[in-house]
Every structure is written in C-alpha cells, then in structure tokens.
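Architecture and fold: a report
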Amino acid sequence: AIRRSTPAQTGRPAIEAVSRGYIQMIPDIYYNTGSSHDDQLNCVEAATRKVIAMGYADPQRIGLHGHSYAGEGSAYIATKSRLFAAVGEGAGVTDLYTDFNQEWGWSYQVMGGSGDNGNQYYMYGQGRWGFPPWQKPDVYHDESALTHVPEVTEPILIMHGTADTTVSFIESLNFYNALRFNGKTAYLLAYLGAGHHVSTLAARKDLTVRVFQFF
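Bear in mind the structure is a predicted one, so any value in this text is a computation, not a measurement. (Residues numbered from 1 in each chain as written. Predicted model: local features only at pLDDT ≥ 70, side-chain atom pairs only at ≥ 80, totals over all residues. Heavy atoms only, no water.)

**So, the sheet that holds strand S4 (residues 186-191)**
Across the sheet, which stays open at both edges, the four strands sit in the order S1-S2-S3-S4 with parallel pairing between neighbours. Because the sheet does not close on itself, it has two edges, and the strands there are strand S1 (63-67) and S4. Here the average twist between neighbouring strands, direction ignored, is 10°. Sheet analysis places strand S2 (residues 86-90) next to strand S3 (residues 156-161), joined by four bridges and oriented parallel. Its bridge partner lying in S3, glutamate 89 is registered against isoleucine 158. Together, S1, S2 and S3 form the strand contacts of helix H3 (residues 69-80), whose direction differs from that of S1 by roughly 145°. (Pairing = 2+ DSSP bridges. Helix = DSSP H or I, 4+ residues; strand = E, 2+ residues; numbered from the N terminus. Axes fitted to C-alpha atoms, helices over the stretch in contact; angles between N-to-C directions. Contact = heavy atoms within 4.5 Å.)

If you want it as structure tokens, here you go:
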C-alpha cells in the first residue's frame, strides 16, 4: 500500500504503483484538535488492518508513503507503528516546536516566498493543534517524529527540495541525521533548487525510479 500525493513520466508514483501490481489504499483520517499525528497513526493503522483482514495485502510487505502534511504524518507513523515494512516521506515537518516559529517561504538562503510563518496554520489551519507550543510543550514534543527516532524499526526514505518555501529543508535533514545517529536505515533525496514539489521532468523521473528502488 503506497500513499503518494504526487505516472512514471510526471512524478506520480501512486499511478505507477498500480501499473506495477501494487494495491493503493488511501485512508480517511478523522481529526481531533490537538492530536493530528496520533489521529493519522490510529486511522492509518485501522485502515491497514482492515485491508489485511480482507485478504488484499501481505502483512509483511506493506509500505507507507506520504508528502507534505501526509509526509509529516508518515514520518510520525514510521516512528510509532510496526505495520509497515518500509516508509517513504516527502517534505514533512518532523519537529513541530521548531516549525511553529519558522518563517514560511522566505529566509536569507531561500527567497521568493510569502514571508509568513506557521502560527495561524498551527493554531487554526490544517495543523489542527489549537494551541501554541509553550502552552502544551509536551504535546508538540510527543507528536513530533524527531522525538521518537530511537523507536524506528523499518527503513525510511526521505525526499525534500532544498529550496522548499513551505516546509524547511532542515526538517528532513535533521530527521535524516537523527536516524543515522541512532543506527537506523535511512536515505535522503535532496533535490537542489526544488521547491515543495519537484517540478522538473528529470527530477520527477529520478524520484519515481528511486521510490520504487527503495520499496
């Protein structure tokens, strides 16, 4: 089961996966305020167990893949779940505490973004946290993939554009370094000059090939 938000020619491995005989399952996530990553973990695991029970999937050969918001969820799930043989995640936040305060779309290294930050996103938007990290630091800490790196058991593939103006590249680099430091199997695909989604045909082809090499 590969979940991916982006055919072989255009960088959409999910469509390529079906062509190769994979079953693709996209779970429906029921969210609560203040527990987004745990909500993703619970719903993805429940949906995966249902697919296994229906006889569609070999429980020893299931992969998970997500990008952006699904990427940060996939990273978190990789640290907590034991259902997946391998996990791929793209451009996902791995440290919520830091990302809350990071500038979105502009830094001295990366130009051209909005210059806004993630405060409203975390409080009232897709993040669905409803409170700042200083109010409940334990929640921001526990819901961050970076916190649980020592618990990882499966290999992880990380993809990120170095000029991402939505999620800072440092989120993936820190996650990769933490995984390596803790003796985990991890791979980082860093696409130089790419944004939140790789846009060139060459990069998309490369990403598709490497995703399937990994899985």
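**Focus on the environment of threonine 185**
As for its placement among the helices and strands, threonine 185 is situated in the loop between helix H7 (169-181) and S4. Considered as a pair, threonine 185 and threonine 153 are 32 residues apart in the sequence and their alpha carbons are 8.5 Å apart.

**Overview of helix H2 (residues 36-53)**
Quick reminder: α-helices carry 3.6 residues per turn. Residues three or four places apart thus point the same way. With 18 residues, H2 ought to run about 26 Å at 1.5 Å a step, and its terminal C-alpha atoms sit 26 Å apart, in line with that. Where H2 is concerned, the buried positions are Ser36, His37, Asp39, Gln40, Leu41, Cys43, Val44, Glu45, Ala47, Thr48 and Val51. Here the buried face of H2 lies against S1, H3 and helix H4 (96-101). A positive backbone phi angle near 85° is found at glycine 55, which sits one or two residues after H2. (Expected span 1.5 Å × (residues − 1). Buried < 20%, exposed > 50% of the residue type's maximum accessible area, 1.4 Å probe, protein only.)

**Considerations on H7**
The first and last C-alpha atoms of H7 sit 18 Å apart over 13 residues, in line with the 18 Å expected at 1.5 Å per residue. Tucked inside the fold, the buried residues of H7 contact H3, S2, H4, S3 and S4. Directly after H7, the chain includes glycine 183, whose backbone phi takes a positive value near 75°.

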